[in-house]
Amino acid sequence: MFLPRTLPFRRNHSSNPLRDFALFPNRTLKPPPPLPNPPHLSLLADKCTSMHQLKQIHAQMVVSARIHDNYAASRLLSFSALSESGDLSYALKLFWYTQEPNSFMWNTLIRAHASSPNPSEAVFLYIKMRRIGVVPGKHTFPFLLKSCSNSVSIESCKQVHSHVLKFGLDLDLHVVNGLVRAYSVCSELNGARQVFDAMPERNLSIWTTMICGYAQNFCANEALELFDQMIADGLEPNGVTLSSVLSACARSGCLDLGEKIHVFMEQKGIHLDVILGTALVHMYAKNGAILMARKCFESMAERNTATWNAMMCGLASHGHAVEALNLFQRLEKEQVVPNDISFVGVLSACCHAGLIDYGRKVFSSMKRVYGIEPKIEHYGCMVDLLGRGGRLLEAEELIKGMTWKADIVIWGAMLGACKNHGDIDVAERVVKEILDLEPRNHGVYVVLSNMYAEAGRWEDVSRLRKVMKEGNLKKAPGWSLVDGDN
C-alpha cells in the first residue's frame, strides 16, 4: 500500500483542537463531528485564485472535518493539480492523506501528471492505482494516453492499449482518439490505423487525428486518401479539423494536402477567420509557397500576432529578408505587439540581409522597449549575424555574456563563421567547447582539419587525423530527402 506512515496523536498537550489536527490529517484519526453548515467550503474551493486562498479553505475544512468528505477534498485537489496557479506537490500531499481516494481524484492526478514536465509519472500513478484495486474508467485512459503521447513512449502506449481492451473500452470514442494520437506521435502508424479500422463508427475528431498522424509522419498520399474518404463518408470538416490538418501539413511539408484543403474551403465558402487564416498562411509559408501565403495574409480581415509571425518567419526563412523587415516595420506601425517569435523572424531576416547594425538595434529593443527577455534562439540569431559579418570576437563575447550555457547550435554557427573567415584561433576555442558538449562529434575535427589544410598547417592536419583514427571517429555520409510524384 502506498500510504503515509502513521503519525503519533497526542491529546494531552493542549485543549486547543487545532493542535489535534495537522493541515494534512492522519488517516487513522477519528474525525470530529462536523460543524454546522460547512458545505459552502467546497464551493469556495472552486472559486480560488491562488494557493494562499486554497490553503485557508483547506484549514477550515480540517477544523470542520469536511476534509474527510471526498467531494470536498476533490475540489481542493482539482485546483491545486490543474490550475495555472496550483501546486502539484501540494495536490499529491492532499491525495495521499485522503482515506479512500475516489476515481475522480485518481483521474485528476493522472491528468495533471500527463501534462507536466514528467508525463511518464502518470503511468506510474496508474500502476499504483491498479495495485490497490481501483478500477479505471473511460475518463482514465484518455489522460493516460496523453502521457504516452507527451513522453513519446510506444511501449507504454502498447501496454495501456492492452488495458483498454481488458476493460472493454476499445470502442469508446475518446479512448480510441487517444490511442490513435499516441500511436501516431510515436510514429507507429500501423497500430494507429488498426485502431482506426476497428471502429465501426468514427466521429470527426478521430478522422482528424488519423489524417494529422499521416501528415505529421510525412505520409502525404495516405493523408490525402483519408481526407477524400472522410468527405465521401459524409463528414464535413469544421474549422478546428481544417486548422489542425493545415498545421500538420506545415510541420511535415505536405503542400499537396494543404492546397487541397484550401480548395475545399473555397468551394464550401468557409470563412477565413483568424485561426484558420493563420493556419493557412503558416502552411504555405512553411512550404515555401510565399506568394500564396502573402495572398492569404493580405485577404484576412483580422490578424493576430501569430499571423504576422507566420508570414514574417516564412519570408525570412526563404530568403525574402527585406520583405520580412518591411513587414515588421508595418507591424509596429499598426501597433501590433510582437512576441519572442516575432523577433526570431526579424533577427533571422537581418542575418540573411547582413544588416548588423539594424540587428543590434532590434536585439537591444527586445528587453528595453518590449520587455521581452532574449532566449537562446535570439542569441543564436545574433551570433549567426555577427559571425557572417566577420565580427567573431564580438560574437564570442556575446556568448560568454549569456545567462545559460550555449548549446551545440550556437557553437556550430560560430564554427561555421570561423571557417568562412579563416579564423583558426577562434575556431580552436570553439571546437573545444563543442567537444565538451559532444565528445564524439567527428564533424568539428573535419572542419578544423580543413581549415588547417587551407592554411598549410599539415602537421596539425596529421595530428587531427590521428586523433580521429584512434578514437574510431568516422565522417557520417550525408543524405537528403526528395519528395517526387508518389
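Preceding this section is the structure that the text describes.
Starting afresh in each chain, residues are numbered from 1 along the sequence in its written order. Totals for whole chains, interfaces and linings use every residue, but because this is a predicted model, local features are given only for residues with pLDDT of at least 70 and side-chain atom pairs only at 80 or more, for both listing and counting. Working from all heavy atoms in the structure, the side-chain values ignore hydrogens and water.

### Some details on unusual backbone geometry
And then number 1: Phi angles above zero are rare outside glycine, and valine 152 is one such case at about 50 degrees.
And then number 2: Helix and strand assignments come from DSSP, with helices taken as H or I runs of at least 4 residues and strands as E runs of at least 2, each series counted from the N terminus. Relative to the helices and strands, valine 152 is located in the loop between helix H7 (140-151) and helix H8 (154-166).
And then number 3: Phi at phenylalanine 218 is positive, roughly 60 degrees, even though this residue is not glycine.
And then number 4: Take phenylalanine 218: it is sitting in the loop between helix H11 (204-216) and helix H12 (220-232).

### Here we look at helix H24 (residues 424-437)
And then number 1: The span you would expect from a helix comes to 1.5 Å times its residue count less one. Over its 14 residues, H24 extends 20 Å from the first C-alpha to the last, a length consistent with the 20 Å expected when each residue adds 1.5 Å.
And then number 2: The set of residues buried in H24 consists of Ile424, Val426, Ala427, Val430, Val431, Ile434 and Leu435. Seen from one end, H24 has its buried residues packed into an arc of 170 degrees, which puts them on one side. Turned more than 90 degrees from where H24 packs its buried face, Lys432 and Asp436 sit exposed.
And then number 3: For H24, the secondary structure elements touched by its buried residues are helix H22 (392-400), helix H23 (408-421) and helix H25 (442-454).
And then number 4: Polar contacts here mean pairs of N or O atoms no more than 3.5 Å apart (in protein, one a potential hydrogen donor and the other a potential acceptor; neighbouring residues in sequence count only if both atoms are side-chain atoms). Near the N-terminus of H24, the side chain that reaches the backbone nitrogen of aspartate 425, with its oxygen 3.4 Å away, is that of aspartate 423. Accessibility here uses a 1.4 Å probe with only protein chains present; expressed as a share of the type maximum, an area under 20% marks a residue as buried, one over 50% as exposed, and anything in between as partly exposed. The arc in question is the one spanned by the directions pointing from the helix axis to the C-beta atoms. Contacts are assigned to residue pairs that have any heavy atoms within 4.5 Å of one another.

### Quick notes on the packing of helix H9 (residues 173-185) against H11
The description of two packed helices rests on the angle between their axes and on the distance between the axes.
And then number 1: At a closest axis distance of 9 Å, the pairing of H9 and H11 adopts a crossing angle of 5 degrees. Judged by the angle between their axes, H9 and H11 are roughly parallel. Each of Leu173, Val176, Asn177, Val180, Arg181 and Ser184 in H9 lies in contact with H11, whose residues at this interface are Ser205, Ile206, Thr209, Met210 and Gly213.
And then number 2: Residue classes in the contact of H9 with H11 are distributed as 5 nonpolar, 5 polar and 1 charged. As a rule, the C-alpha atoms of each element are fitted with a line to give its axis, helices using only the stretch in contact, and angles between N-to-C directions run from 0 to 180 degrees. The labels follow the angle: roughly parallel below 35 degrees, roughly antiparallel above 145, roughly perpendicular from 65 to 115, and oblique for the rest. In this count, Pro and Cys sit with the nonpolar residues alongside Ala, Val, Leu, Ile, Met, Phe, Trp and Tyr, while Asp, Glu, Lys and Arg are called charged and the others, Gly among them, polar.

### Digging into the packing of H25 against helix H26 (residues 458-470)
And then number 1: In the contact formed by H25 and H26, the axes pass within 8 Å of each other and the chain directions differ by 165 degrees. When the interaxial angle is binned, H25 and H26 end up roughly antiparallel. Relative to H26, H25 is oriented so that their crossing is left-handed. Counting all contacts with H25, which are made through His442, Tyr445, Val446, Leu448, Ser449, Tyr452 and Ala453, the residues of H26 involved are Trp458, Asp460, Val461, Arg463, Leu464, Arg465, Val467 and Met468.
And then number 2: A per-class count over the contact of H25 with H26 returns 10 nonpolar, 2 polar and 3 charged. Crossing handedness is read from the near helix: turned anticlockwise from the far helix by less than a right angle, it gives a left-handed crossing, and turned clockwise, a right-handed one.

That's the geometry; what it means functionally is another story.
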